[in-house]
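The residues making up each chain are set out below.
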Amino acid sequence: MSQFTLEPHPNPVSPEARAALVEAPSFGTVFTDHMARINWSAGGAGWHSHRITPYGPLQLDPAAAVLHYAQEIFEGLKAYRWADGSIRTFRPAANAERFARSARRLALPELPPEDFIDALHALVEVDQAWVPSKPGTSLYLRPFMFAAEPFIGVRAAHEVFFLVIASPVGAYFKGGVAPVSIWVDQTYHRAGPGGTGAAKCGGNYAASLVSQEEAYSHGCEQVLFLDAATSTTLEELGGMNVAAVMADGSVVTPPTSGTILEGVTRSSLVQLIRDRGREVAERPIELAGLLEAIKMGQVVEVFACGTAAVVTPVGRLAGTDFDVTVADGAPGALTLSLYEELTGIQYGLREDKHGWTHRLL
Ligand code: COI
């Protein structure tokens, strides 16, 4: 079935050392023994050389176009160990389809969704012992694709590499599901109309880093970007989407109108909230109105969401001329119950009504 040939790691991490690494993982610092690879060449060869190889440094020409023009895209999803011993992932077809959309925007070749999903299967099969089992832990899967051709003229590359690496992870934020503080950037924007905001490309994250550093300097864990055209409405955080809960129980979140990432976690939560009979409005949210509504008690919760962040309460919004605490800084009831419901589905503890879980092993 799988077209992936296996080149086993000659010297994998010992079971004892692996158990220690998997025991209490942080986010994104430890990687498994192997990686999946597929190459693409223009001129008819297309996608070829499907392999699982030892994890390790790549040999890349210094002229590889990605190093100069950032022609790169990536994805993020997780593999969860269930109590019955199986290993599942969550809505991989949604990531595969978004990866294809990102590829089109970055003039990269589209990887067939079957190859994307087969690569996850092949890698998780060989590195299954790296999937942690403690509550809240998982194996983070990072598919990515970039221009590998050594050519510094500016055009779409003719040689492209696709890889998947994997990392045992715990919570993205040090405090786990504790409320985070958000710095609202009133200087820089992440993306503009017609730009690459909806694509999951490294350049969007590169553009966010100076703002993220600014956020850290103000004691905040994440930055929130405003729209590039008017600097008045919320877009998304540096690495996740954002939503607010109104006192009447309805939820608002910025629309996916081209400048923000179409989060898989975001769309799953929109569905779960609607399943509860609550209204979700995907509409522009004015920053000034939001701050006022928080102060007046009309907005009772704010949360961040993403594959890495899952569902994280926001306790504070700060900027150059404001510093507002959301509902005394305590995690909101809806935020916590959405975290429980979503992770319950992902770990096989709750009914999966929408058929979102996908068995890898
Ligand atoms: C994810 O949530 O998986 C992401 O890709 C965000 C990230 C850059 C950590």
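These figures come from a predicted structure and were not determined experimentally.

Trainee: I keep staring at the packing of helix α6 (residues 264-275) against helix α8 (residues 333-346) and nothing clicks. Help me out?
Mentor: Each packed pair of helices is defined by two parameters, the angle between the axes and the distance between the axes. Two elements in contact, α6 and α8, have axes separated by 11 Å at closest approach and are oriented at 110 degrees. Between α6 and α8, the angle falls in the class roughly perpendicular. Handedness of the crossing formed by α6 with α8: right-handed. Contacts from Thr265, Ser268, Leu269, Leu272 and Ile273 of α6 reach α8 at Leu338, Glu341, Leu342 and Ile345. Grouping the amino acids of the contact of α6 with α8 by side-chain chemistry returns six nonpolar, two polar and one charged.

Trainee: How do you make sense of the domain arrangement of the chain when you look at a structure like this?
Mentor: Many descriptions give the size of an interface as the accessible area lost when the pieces come together. Its domain assignment divides the chain into domain 1 (5-169) and domain 2 (180-346). Facing 20 residues of domain 1, the contacting portion of domain 2 comprises 20 residues. Across the domain 1/domain 2 interface, buried area totals approximately 1700 Å², and carbon plus sulfur atoms make up 57% of it. Together, Phe74, Phe90 and Arg98 form the three largest contributors to the area buried by domain 1 at its contact with domain 2, with a combined 34%. Between domain 1 and domain 2 we count one salt bridge in total. Among the ionic pairs, Arg101 bridges to Glu262, the shortest N-O distance being 2.7 Å. Connecting domain 1 to domain 2 are 13 residue pairs in polar contact (both at pLDDT 80 or more). At the level of elements, β4 (72-74), β5 (77-81) and α3 (92-105) are the ones that each hand at least two residues to the side of domain 1 that touches domain 2. Top contributing element to the side of domain 1 that touches domain 2 by residue count: α3, with six residues. When grouped by side-chain class, the residues that make up the side of domain 1 that touches domain 2 number ten nonpolar, three polar and seven charged.

Trainee: Where do I start with the pairing of strand β3 (residues 46-54) in this structure?
Mentor: Side-chain positions along a regular strand alternate between the two faces of the sheet. Sheet topology places strand β1 (residues 5-6) next to β3; two bridges connect them, and they run parallel. Looking at β3, one finds that Leu6 is bridged to Ile52. Linking two consecutive strands that pair antiparallel, namely strand β2 (residues 34-41) and β3, is a turn of four residues; a positive phi of about 85 degrees is found at Gly43 within it.

Trainee: Help me out: how do you make sense of the pattern of salt bridges in this one?
Mentor: Pairing is possible between side chains of opposite charge, provided their charged atoms come close. Summed over the entire model, instances satisfying the criterion amount to eleven salt bridges. One salt bridge connects Arg190 with Glu236, and the closest N-O pair in it is separated by 3.2 Å. Of the two residues, Arg190 sits in the loop between β9 (180-184) and α5 (202-217) while Glu236 sits in strand β11 (residues 234-237), which places them 46 residues apart along the sequence. Arg190 sits in the buried class, given a relative accessible area of 7%. Classification of Glu236 by relative accessible area gives buried; the value is 2%. Here the residues in one salt-bridge network are Arg266, Arg274 and Glu282, joined through shared partners.

Trainee: Is there a simple way to explain the packing of aromatic side chains in this structure?
Mentor: Here the distance between the centres and the angle between the planes together describe a pair of aromatic rings. The full count for this structure, using the stated rule, is 13 aromatic pairs. The interplanar angle of 65 degrees and the centroid separation of 5.1 Å between the aromatic rings of Phe27 and Tyr140 together place this pair among those described as edge-to-face. Here Phe27 is found in the loop between α1 (15-23) and β2, whereas its partner Tyr140 is found in strand β7 (residues 138-147), with 113 residues between them in sequence. On the basis of an interplanar angle of 75 degrees and a centroid distance of 4.8 Å, the ring pair of Phe27 and Tyr172 is categorised as edge-to-face. Note that Phe27 is positioned in the loop between α1 and β2 and Tyr172 in the loop between β8 (159-169) and β9, a separation of 145 residues in sequence.

Trainee: Would you take a moment to explain the packing of α3 against helix α4 (residues 113-126) for this structure?
Mentor: Axis separation between α3 and α4 bottoms out at 9 Å; the angle between their running directions is 130 degrees. By the angle class used here, α3 and α4 are oblique. Judged by the twist between their axes, the crossing of α3 over α4 is right-handed. On α4, the residues touching Pro92, Ala93, Asn95, Ala96 and Phe99 of α3 are Pro113, Phe116, Ile117 and Leu120. Each residue belonging to the contact of α3 with α4 can be placed in one class, and the counts come to eight nonpolar, one polar and no charged.

The rules behind each value
Residues numbered from 1 in each chain as written. Predicted model: local features only at pLDDT ≥ 70, side-chain atom pairs only at ≥ 80, totals over all residues. Heavy atoms only, no water. Axes fitted to C-alpha atoms, helices over the stretch in contact; angles between N-to-C directions. Helix = DSSP H or I, 4+ residues; strand = E, 2+ residues; numbered from the N terminus. Parallel < 35°, antiparallel > 145°, perpendicular 65-115°, else oblique. Left-handed = near helix turned anticlockwise from the far one by under 90°. Contact = heavy atoms within 4.5 Å. Nonpolar A, V, L, I, M, F, W, Y, C, P; charged D, E, K, R; others polar. Domains from an automatic or database assignment. Buried area = accessible area lost by both parts, 1.4 Å probe. Salt bridge = Lys/Arg side-chain N within 4 Å of Asp/Glu carboxyl O. Polar contact = N/O pair within 3.5 Å; in protein donor to acceptor, adjacent residues only side chain to side chain. Pairing = 2+ DSSP bridges. Buried < 20%, exposed > 50% of the residue type's maximum accessible area, 1.4 Å probe, protein only. Phe/Tyr/Trp six-rings, centres within 6.5 Å; stacked < 30°, edge-to-face > 60°.

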